[in-house]
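Structure assessment
Next come the chains, spelled out residue by residue.
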Amino acid sequence: AAHIGCDLLVNSTGWAPATGLLYQAKAKLAYDNARGEFLPTQLPPSVFAAGRLNSSYSPRLETLEGQLAGVAAAAAVGYSSGKAVEVVHSARFASP
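What you are looking at is a predicted structure, and each value in this text was computed from that prediction instead of being measured. (Residues numbered from 1 in each chain as written. Predicted model: local features only at pLDDT ≥ 70, side-chain atom pairs only at ≥ 80, totals over all residues. Heavy atoms only, no water.)

**Quick notes on the confidence of the model for the protein chain**
Let me state the cut-off plainly: pLDDT: the predictor's confidence for each residue, scored from 0 to 100. Starting at the N terminus, helices and strands are each numbered in turn, a helix being any DSSP run of H or I of at least four residues and a strand any DSSP run of E of at least two.
For the protein chain, per-residue confidence averages 80 on the pLDDT scale, and 78% of positions sit at 70 or higher. Across the protein chain, element-level confidence peaks in strand β1 (residues 28-32) with a mean pLDDT of 93 and bottoms out in helix α3 (residues 81-92) with 63.

**Points about the nonpolar core**
As a reminder, the rule being used: We call a set of buried Ala, Val, Leu, Ile, Met, Phe, Trp, Tyr and Cys residues a nonpolar core when their side-chain atoms join them within 4.5 Å. Partly exposed describes any residue whose relative accessible area lies between the buried limit of under 20% and the exposed limit of over 50%, with all areas from a 1.4 Å probe on protein chains only and scaled to the type maximum. The criterion used for residue contact is that any of the two residues' heavy atoms lie within 4.5 Å.
Of all hydrophobic cores here, the largest spans 5 residues; its members are Leu 22, Ala 27, Leu 29, Ala 49 and Leu 53. Sequence-distant contacts of Ala 27, that is, excluding residues within four places in its chain, are made with Leu 22, Gln 42, Leu 43 and Pro 44.

**Quick word on the environment of Ala 25**
On the secondary structure map, Ala 25 appears in the loop between α1 (20-24) and β1. Along the sequence, Ala 25 and Leu 43 sit 18 residues apart, while their C-alpha atoms lie 8.3 Å from each other. Discounting chain neighbours no more than four positions away, the residues touching Ala 25 are Pro 44 and Val 47.

**Let's talk about the pairing of strand β2 (residues 37-42)**
Formally: What makes two strands pair is DSSP finding at least two bridges between them.
Pairing geometry for β1 and β2, over 5 bridges, is antiparallel. Bridge assignment links Lys 28 to a residue of β2, and that residue is Gln 42. Here β1 folds back onto β2, and the loop between the two strands holds 4 residues, one of which, Gly 36, carries a positive phi near 70 degrees.

**Some thoughts on the pattern of salt bridges**
Pairing is possible between side chains that carry opposite charge, provided their charged atoms lie close to one another. This is how the line gets drawn: Put simply, a salt bridge is a Lys or Arg side-chain nitrogen that is within 4 Å of an Asp or Glu carboxyl oxygen.
Tallied over the entire structure, the rule returns 1 salt bridge. When the shortest N-O distance is used, the salt bridge between Arg 52 and Glu 62 registers 3.3 Å. Note that Arg 52 is positioned in the loop between β2 and α2 (59-76) and Glu 62 in helix α2, a separation of 10 residues in sequence. By relative accessible area, Glu 62 is classed as partly exposed at 24%.

**Thoughts on the side chain of Thr 19**
Here Thr 19 shows up in the segment before α1. What makes Thr 19 buried here is its relative accessible area of 13%. Those residues in contact with Thr 19, other than ones at most four positions away along the chain, are Leu 29, Phe 38 and Leu 53.

Structure representation (structure tokens):
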């Protein structure tokens, strides 16, 4: 550990979601004045957004949206809805 003398320390995590991958996928985003951020208005087929990309800032809601996006993605590549839920559930609890 190092000691660094300073008069001010500033840290920013930011509220703006990382929309770069959505732009690369050709998603349509629009600025929402009320929320002060860009939100997806149209996603290409087989592209799914969750959490802060949808302007959700509750950890519980972000988790649920992530699970739904995972099920939708699994279904988009051919898993039945029941199997898609199983795939997402097993991936969630898999060892890193």
